[in-house]
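Observations on the model geometry
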Amino acid sequence: AWLDLRGGIAAMGAVVTALDVLLGARTLLADPARWVRDAGDCFAVDADGCGRAGHVAEAVRWELLGAVSRAADGAAEVEREARELLRRALALSSCDHLSTFVAIDAWHIAPERTHAEVMAVLDAAIELALAESTGETAASGHGQTVSALANVPLPLSCGEAHTHATKEDETC
């Protein structure tokens, strides 16, 4: 396995990039049994279904942002960069207001959200990170299509208000 589920990629001693974090989160969530649509006030749940911070050892199922936290393993700057790539992937497929951490979470916990949609957005963010790492900028242009998102329905409308409270991963 690329990612040891008992620790994040930072524990492997390698240079950690946002791409590494996104790939780690993808590995973590590849099995639908390790994904949870809504972990309540946290970003992950333990074996009993209780909310946990994404990075803690007791977590066994993760929301998208919890998986990013787990993969980052405390590397705060690259975790922020990975979240920004996710935000941009969502914005490329939807509308400009998807610019905050709360908006990513609100999109993720929507009752109609599926594992496949989450994986497609994660793949699109990985495409953006790969394009940036190779100096390509076409995929990051605002009007461009990210191929991983080609068939992803994103029902969050541009006019929808985001009233979901901000989750604090550190307090779970």
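Before any of the text, the structure's been laid out above.
Now for a quick tour of the structure.

Quick notes on the rules
- Residues numbered from 1 in each chain as written.
- Predicted model: local features only at pLDDT ≥ 70, side-chain atom pairs only at ≥ 80, totals over all residues.
- Heavy atoms only, no water.
- Helix = DSSP H or I, 4+ residues; strand = E, 2+ residues; numbered from the N terminus.
- Buried < 20%, exposed > 50% of the residue type's maximum accessible area, 1.4 Å probe, protein only.
- Contact = heavy atoms within 4.5 Å.
- Areas by Shrake-Rupley, 256 points an atom, 1.4 Å probe, with all protein chains shown as cover.
- Axes fitted to C-alpha atoms, helices over the stretch in contact; angles between N-to-C directions.
- Parallel < 35°, antiparallel > 145°, perpendicular 65-115°, else oblique.
- Left-handed = near helix turned anticlockwise from the far one by under 90°.
- Nonpolar A, V, L, I, M, F, W, Y, C, P; charged D, E, K, R; others polar.
- Phe/Tyr/Trp six-rings, centres within 6.5 Å; stacked < 30°, edge-to-face > 60°.
- Lys NZ or Arg CZ within 6 Å of the ring centre and 35° of its normal.
- Core = buried A, V, L, I, M, F, W, Y, C linked by side-chain atoms within 4.5 Å.
- Pairing = 2+ DSSP bridges.

A few words now on the overall build of the protein chain. Helix and strand counts for the protein chain come out as five helices and three strands. Going residue by residue from the N terminus, the α and β elements of the protein chain occur as α-β-β-β-α-α-α-α. Classification of the 172 residues of the protein chain by burial places 47% in the buried group. Nonlocal contacts in the protein chain, meaning residues at least 24 apart in sequence, comprise 64% of its contacts between residues at least 6 apart. Accessible surface, the protein chain as shown: approximately 8,000 Å² in total, 52% of it carbon and sulfur.

This paragraph deals with unusual backbone geometry. You will see that Asp 73, though not glycine, has its phi angle at about 50°, which is positive. The residue Asp 73 is located in the loop between helix 2 (64-72) and helix 3 (76-93) in this model.

What follows deals with the packing of helix 1 (residues 18-29) against helix 2. In a pair of packed helices, the angle between the axes and the distance between the axes together describe the arrangement. Between helix 1 and helix 2, whose axes approach to 8 Å, the crossing angle comes to 120°. As the angle between them shows, helix 1 and helix 2 are arranged oblique. Considering only the axes of helix 1 and helix 2, their crossing is right-handed. Of the residues in helix 2, those in contact with Val 21, Gly 24, Ala 25, Leu 28 and Leu 29 of helix 1 are Leu 64, Ala 67, Val 68, Arg 70, Ala 71 and Ala 72. Residue composition of the contact of helix 1 with helix 2, by class: nine nonpolar, one polar and one charged.

Here we take up the packing of aromatic side chains. Think of a pair of aromatic rings as described by two things: how far the centres are apart, and how the planes are tilted against each other in angle. Following the criterion strictly, the structure yields zero aromatic pairs and no others. The ring of Phe 43 is capped by Arg 83, whose NZ or CZ atom sits 5.8 Å from the centre of that ring.

Looking now at the nonpolar core. Most often, soluble globular proteins keep nonpolar side chains buried together rather than apart. Ranked by size, the top nonpolar core spans 39 residues in total, and within it Val 21, Leu 22, Leu 29, Trp 62, Leu 85, Leu 86 and Leu 122 carry the most contacts. At the level of secondary structure, the elements contributing two or more residues to this core comprise helix 1, helix 2, helix 3, helix 4 (101-109) and helix 5 (115-133). If one sorts the elements of this core by residue count, helix 5 sits on top with nine residues.

In this section: the sheet that holds strand 2 (residues 51-52). In spatial order, the strands read 2-1-3; together these three strands make up an open sheet with antiparallel pairing. Across the chains shown, the open sheet's two edge strands, defined by having one partner strand only, are strand 2 and strand 3 (61-62). Both strand 1 (residues 44-45) and strand 3 contribute to a ladder of two bridges, which runs antiparallel. Along strand 3, the bridge assignment pairs Val 45 with Arg 61.

Direction vectors running N to C along helix 1 and helix 5 enclose 160°, while the axes themselves pass 9 Å from each other. As summarised for this structure, helix 1 and helix 5 are arranged roughly antiparallel, according to the angle between their axes. Seen along the crossing, helix 1 lies across helix 5 with a hand that is left-handed. Residues Leu 19, Leu 22, Leu 23, Ala 25, Arg 26 and Leu 29 of helix 1 form the contact with helix 5, whose participating residues are His 115, Val 118, Met 119, Leu 122, Asp 123, Ala 125, Ile 126, Ala 129 and Leu 130. For the contact of helix 1 with helix 5, the class distribution of residues is 12 nonpolar, one polar and two charged.

Any functional reading would require information beyond the geometric quantities listed.
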